[in-house]
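Structural overview for review
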Amino acid sequence: MTVPLSRSSSKLGGHYYAFRPLPFTWTVNKDGFKPDLETHLVPLLSTRLDDLHPKSKEKTASSSKLHHHPKLLKVLSEELNCAVDDILSIELNICDTQPSCLGGVNNEFIFSGRLDNLASSFCALRSLIDSSQTSEDLSAEDAIRMVTLFDNEEVGSNSIQGAGAPTMFQAMRRITSCLARQYVGEDVIERSIRRSFLVSADMAHGVHPNFKDKHEEHHRPELQKGLVIKHNANQRYATSGITSFLFQEVAKIHDLPTQDFVVRNGMGCGSTIGPILATGAGIRTVDCGIPQLSMHSVREICGREDVDIAYKHFKAFYRTFSSIDRTLVID
């Protein structure tokens, strides 16, 4: 992980309103860079101290006005074209506002904020749309093609909009009930889920040329070399031998490259929403991701070609998985 000496800012209507400066003279102790998250990363809105607190006559205002600076509320009201009194509650996040760009000697890198996991989300949604544009695309399909996009993965997924909620499986149940109509049996939903297949797509840690020893010697995902299929004996990823084979078979048929990742022994391993969804309903799952550098930094890096490969792989999955799955025989 890298810690860039830059800032995150909030941009409304073409104006930058807040930023978090990290001074170049910061002292780094022997344990590494450890800022105080409470006091060192407070966003800066202004250097002027006037109107620092709401006037006493405003103490009876709504809760949002008691807890937020009046100038911030004024900025928001102007951007939303409403009165300050119309703002009843606020949920704001500071984020990087610099546009994404290409870089490197050959323009082979994508520099962007929030590649993890907007890159996967884009490829999944785009491939679903492009694989289902005409009636011919679905004429031989006996499955339902879906994409689900969740929030809050980085903080555990336990929210109403996270993967820990039953939203996806409730949608699958409603779809199955609608299509089956009077033929819905006691176990039709369960059998439908058992026949289904989930691709859990979350960005992967590519090998950094300056820190190759952080990866297991024979599992070093490289940029521009295709999707990374993630394996973990402790079930931090939901990939199995069967699901890995099926997903790689899609790539093989369409001449697309893939890579395998196993975490280095002795190092901790992250996880994804794959195990959450797999164990929640017993759906076959493969964990994969586009390799990237500087994950979770303000500016992340991935390979330009990898986005195109991921899009093609997901599109091929939608179009050919059902036919491949029908030929699978497990001894």
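Residues numbered from 1 in each chain as written. Predicted model: local features only at pLDDT ≥ 70, side-chain atom pairs only at ≥ 80, totals over all residues. Heavy atoms only, no water.

Description of the overall build of the protein
- What the protein contains, in helices and strands, is nine helices and 11 strands.
- Here the protein holds 331 residues, and the buried ones make up 36% of them.
- By sequence separation, contacts in the protein at least 24 residues apart represent 69% of the contacts at least 6 residues apart.
- Accessible surface, the protein as shown: approximately 20,500 Å² in total, 54% of it carbon and sulfur. (Helix = DSSP H or I, 4+ residues; strand = E, 2+ residues; numbered from the N terminus. Buried < 20%, exposed > 50% of the residue type's maximum accessible area, 1.4 Å probe, protein only. Contact = heavy atoms within 4.5 Å. Areas by Shrake-Rupley, 256 points an atom, 1.4 Å probe, with all protein chains shown as cover.)

Section: the confidence of the model for the protein
- When pLDDT is averaged along the protein, the result is 84; 84% of the residues meet or exceed 70.
- Confidence drops under pLDDT 50 across residues 1-9; counting only partners more than four residues distant or on other chains, this segment forms 35 contacts. (pLDDT = per-residue confidence, 0-100.)

Concerning the pairing of strand 11 (residues 300-303)
- Here strand 11 shows no split at all, with Glu 300 and Cys 302 on one side and Ile 301 and Gly 303 on the other all buried.
- As paired elements, strand 4 (residues 109-112) and strand 11 share four bridges and run antiparallel to each other. If you follow Phe 111 over to strand 11, its bridge partner there is Ile 301.
- Where strand 10 (residues 291-293) and strand 11 come together, two bridges link them in antiparallel fashion. The residue of strand 11 that forms the bridge with Gln 292 is Cys 302. (Pairing = 2+ DSSP bridges.)

So, the side chain of Ser 131
- Tracing the backbone shows Ser 131 in the loop between helix 3 (115-130) and helix 4 (135-138).
- Looking at Ser 131, the relative accessible area reads 0%, which means it is buried.
- Setting aside chain neighbours within four positions, we find Ser 131 in contact with Asp 137, Arg 145, Lys 315, Tyr 318 and Arg 319.

Description of unusual backbone geometry
- A cis geometry characterises the amide bond from Asp 116 onward to Asn 117, with omega recorded as 15 degrees.
- Positionally, Asn 117 belongs in helix 3.
- Even without being glycine, Asn 107 reaches a positive phi, approximately 55 degrees.
- Within the secondary structure, Asn 107 is located in the loop between strand 3 (101-103) and strand 4.
- A relative accessible area of 37% places Asn 107 in the partly exposed class.
- The phi angle at Ser 157 is positive, at roughly 70 degrees, despite the residue not being glycine.
- The topology assignment puts Ser 157 in the loop between helix 4 and helix 5 (167-180).

Topic: the pattern of salt bridges
- A complete count under the given rule lists 10 salt bridges for this structure.
- Measuring nitrogen to oxygen at the nearest pair gives 3.0 Å for the salt bridge that ties Arg 326 to Asp 142. Placement of the pair is Arg 326 in helix 9 (residues 304-326) and Asp 142 in the loop between helix 4 and helix 5, with a sequence separation of 184 residues.
- A relative accessible area of 49% places Asp 142 in the partly exposed class.
- Across the pair Asp 308 and Lys 312 runs a salt bridge, and its minimum N-O distance is 3.1 Å. Of this pair, Asp 308 and Lys 312 both sit in helix 9, four residues apart, which is roughly one turn of that helix.
- The class for Lys 312 is partly exposed, based on a relative accessible area of 41%. (Salt bridge = Lys/Arg side-chain N within 4 Å of Asp/Glu carboxyl O.)

Examining the packing of helix 5 against helix 6 (residues 188-195)
- As a packed pair, helix 5 and helix 6 sit with axes 10 Å apart at the nearest point and diverge in direction by 115 degrees. Every pair of crossing elements has a handedness; the one defined by helix 5 and helix 6 is right-handed. For the pair formed by helix 5 and helix 6, the contact residues are Phe 169, Met 172, Arg 173, Thr 176 and Ser 177 on the first element and Val 188, Ile 189, Glu 190, Ser 192 and Ile 193 on the second.
- Within the contact of helix 5 with helix 6, the residues separate by chemical class into five nonpolar, three polar and two charged. (Axes fitted to C-alpha atoms, helices over the stretch in contact; angles between N-to-C directions. Left-handed = near helix turned anticlockwise from the far one by under 90°. Nonpolar A, V, L, I, M, F, W, Y, C, P; charged D, E, K, R; others polar.)

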